[in-house]
Amino acid sequence: MSIRPVLEQRAAQPHMEGAGVKLHRAFGFQDPSELDPFLLFDDFRNERPEDFEKGFPWHPHRGIETITYVLNGTVDHGDSLGNTGTLGAGDVQWMTAGSGILHQEMPHGNARGQMHGFQLWGNLPSSQKMTAPRYQDVTSADIPEVIDDDGTRVKVIVGEFWGKRGPVDGIAADPQYLDVFIPAGVRKTFRIDTYRRAFAYVFEGGAAFADASAPQGILLEKEVMGEEVNIRDLSGDRTLIRFGTGDEVTVQAGEDGVRFLLISGAPIEEPVAWHGPIVMNTQEELMQAMRDLRNGTFIKPAH
């Protein structure tokens, strides 16, 4: 067995998307080979409705799949196929854009005005980029949770883990998508197939990854008494950890425990031509998508 080393550890950066939704982007629109087959990961977490209520009005997607996971609040959605619905706390939506789809997502806060969720973009291989669009809504009740003797809890959203299989399947990237909680002070090891690219995203508490004995946090520049100083942030909150090769990830939870997403997928290793929510293999395919949007042929008739 070999423990995957940590290649990079960084804080998600503030960003604005849609009609003015404030979020934090862990990665996206950088070198697509780093986390192939994954292209983008956003953490949208707000406690003020004015920071998210304008939502994500109608916009196109082609050539990718999206997985939306809601923790607090709700998200109303609709698309050009006529599908509509509402994602509640703990629910997941998987959407294959394929040849093209128009959709909108409108978030709403819970009783305390809080909204929190994640969206992950997975690339589609060239052979599937122009397939028919489809989607699946999964309720929290259908997502299996495994609880270990030491109090570790794992929700299996996609893929197979500890004998349980997540309800979302048929995704081209063949991902494993886990929501993991490890109690304070517990050290845990998770198996990940060697051929997969993998990352973790910490959103509560803190932990040390790889073969470390104590939480390290990330080095942040903060203003203290009017001066910029480097401070080791032990919270781990909104932290991306990108792993190297190996077949295990080892985690040492900090004094407050840790909750994180552990995500891995099989790399596609194809050229990427990217413009916003449209991801193709060549510039010509990308230009054709733009022409389709302009002339009204972006949505392909059902076969």
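All of these numbers come straight from a predicted model, not from anything done at the bench.

A. Highlighting the overall build of the chain. Tallying secondary structure elements over the chain gives one helix and 25 strands in all. Relative to the 2.2 N^0.38 estimate, which gives 19 Å for 303 residues, the radius of gyration of the chain is 19 Å and therefore close to what a compact globule would have. Overall, the C-alpha framework of the chain stretches about 60 × 45 × 40 Å when taken along its three principal axes. Within the chain, buried positions represent 51% of all 303 residues. Restricting the contact set of the chain to residue pairs at least 6 apart, pairs at least 24 apart contribute 73%. Charge centroids of the chain, computed over 28 positive and 44 negative side chains, lie 2 Å from each other.

B. Structural detail: the pattern of salt bridges. The full count for this structure, using the stated rule, is 20 salt bridges. For the salt bridge of Arg 242 with Glu 8, the shortest nitrogen-to-oxygen distance reads 3.1 Å. Here Arg 242 is found in strand β22 (residues 239-243), whereas its partner Glu 8 is found in strand β1 (residues 6-11), with 234 residues between them in sequence. Residue classification places Arg 242 among the buried positions, given a relative accessible area of 14%. Across the pair Asp 193 and Arg 196 runs a salt bridge, and its minimum N-O distance is 3.7 Å. Under the relative-accessibility criterion, Asp 193 is labelled partly exposed at 41%.

C. Broad picture of helix α1 (residues 283-295). Helix length check: α1, at 13 residues, gives a terminal C-alpha distance of 18 Å against a target of 18 Å (1.5 Å per residue), a fit within 8%. For α1, the full list of buried residues reads Leu 286, Ala 289 and Asp 292. Axial view of α1: buried residues confined to an arc of 115 degrees, hence all on one face. Residues of α1 that are exposed and point more than 90 degrees away from the buried face comprise Gln 283 and Arg 294. In this fold, the buried residues of α1 make contact with β24 (273-275) and β25 (278-280).

D. Main features of the sheet that holds strand β10 (residues 101-108). Sheet architecture is open: four strands sit in the order β5-β10-β7-β8, paired in antiparallel fashion. Edge positions in the open sheet fall to β5 (56-61) and β8 (84-87), since each of these has one partner strand only. Within this sheet the neighbouring strands show an average axis-to-axis angle of 25 degrees, counted without direction. Both strand β7 (residues 74-79) and β10 contribute to a ladder of six bridges, which runs antiparallel. If you follow Val 75 over to β10, its bridge partner there is Pro 107.

E. Just the sheet that holds strand β4 (residues 38-46), in detail. With respect to topology, seven strands assemble into an open sheet ordered β2-β3-β4-β11-β6-β9-β12, the strand pairing being antiparallel. Only two strands of the sheet have a single neighbouring strand rather than two, namely β2 (13-17) and β12 (134-138). Shown here is a sheet whose adjacent strand axes are inclined to one another by a mean of 20 degrees, direction ignored. As judged from the eight bridges shared by β4 and strand β11 (residues 115-123), these two strands associate in the antiparallel manner. Its bridge partner being in β11, Asp 42 is matched across the sheet by Gln 119.

F. View of the packing of aromatic side chains. In this structure the tally under the stated criterion is 18 aromatic pairs. With centroids separated by 4.9 Å and ring planes inclined at 55 degrees, the aromatic side chains of Phe 41 and Tyr 201 adopt a geometry described as tilted. Highlighted residues: Phe 41 in strand β4 and Tyr 201 in strand β19 (residues 197-209), separated in sequence by 160 residues. Each member of the pair Phe 41 and Tyr 201 is classed as buried. Clustering of aromatic rings is evident, with ring pairs tying together Phe 27, Phe 38, Phe 41, Tyr 69, Phe 118, Tyr 177, Phe 199, Tyr 201 and Phe 203.

G. Representation of unusual backbone geometry within the structure. Here the amide bond leading from Asp 36 into Pro 37 is cis, since omega sits at 20 degrees, within 30 degrees of zero. A positive phi is found at Arg 238, a non-glycine position, where the angle reads about 60 degrees. Residue placement: Arg 238 occurs in the loop between β21 (227-233) and β22. By relative accessible area, Arg 238 is classed as buried at 19%. A positive phi angle, near 60 degrees, is found at Glu 269, a position not held by glycine. Mapped onto the secondary structure, Glu 269 falls in the loop between β23 (248-265) and β24.

The rules behind the values
- Residues numbered from 1 in each chain as written.
- Predicted model: local features only at pLDDT ≥ 70, side-chain atom pairs only at ≥ 80, totals over all residues.
- Heavy atoms only, no water.
- Helix = DSSP H or I, 4+ residues; strand = E, 2+ residues; numbered from the N terminus.
- Rg over C-alpha atoms; globule rule 2.2 N^0.38 Å.
- Buried < 20%, exposed > 50% of the residue type's maximum accessible area, 1.4 Å probe, protein only.
- Contact = heavy atoms within 4.5 Å.
- Lys, Arg positive; Asp, Glu negative; His and termini not counted.
- Charge placed at Lys NZ, Arg CZ, Asp CG, Glu CD.
- Salt bridge = Lys/Arg side-chain N within 4 Å of Asp/Glu carboxyl O.
- Expected span 1.5 Å × (residues − 1).
- Arc of directions from axis to C-beta.
- Pairing = 2+ DSSP bridges.
- Axes fitted to C-alpha atoms, helices over the stretch in contact; angles between N-to-C directions.
- Phe/Tyr/Trp six-rings, centres within 6.5 Å; stacked < 30°, edge-to-face > 60°.

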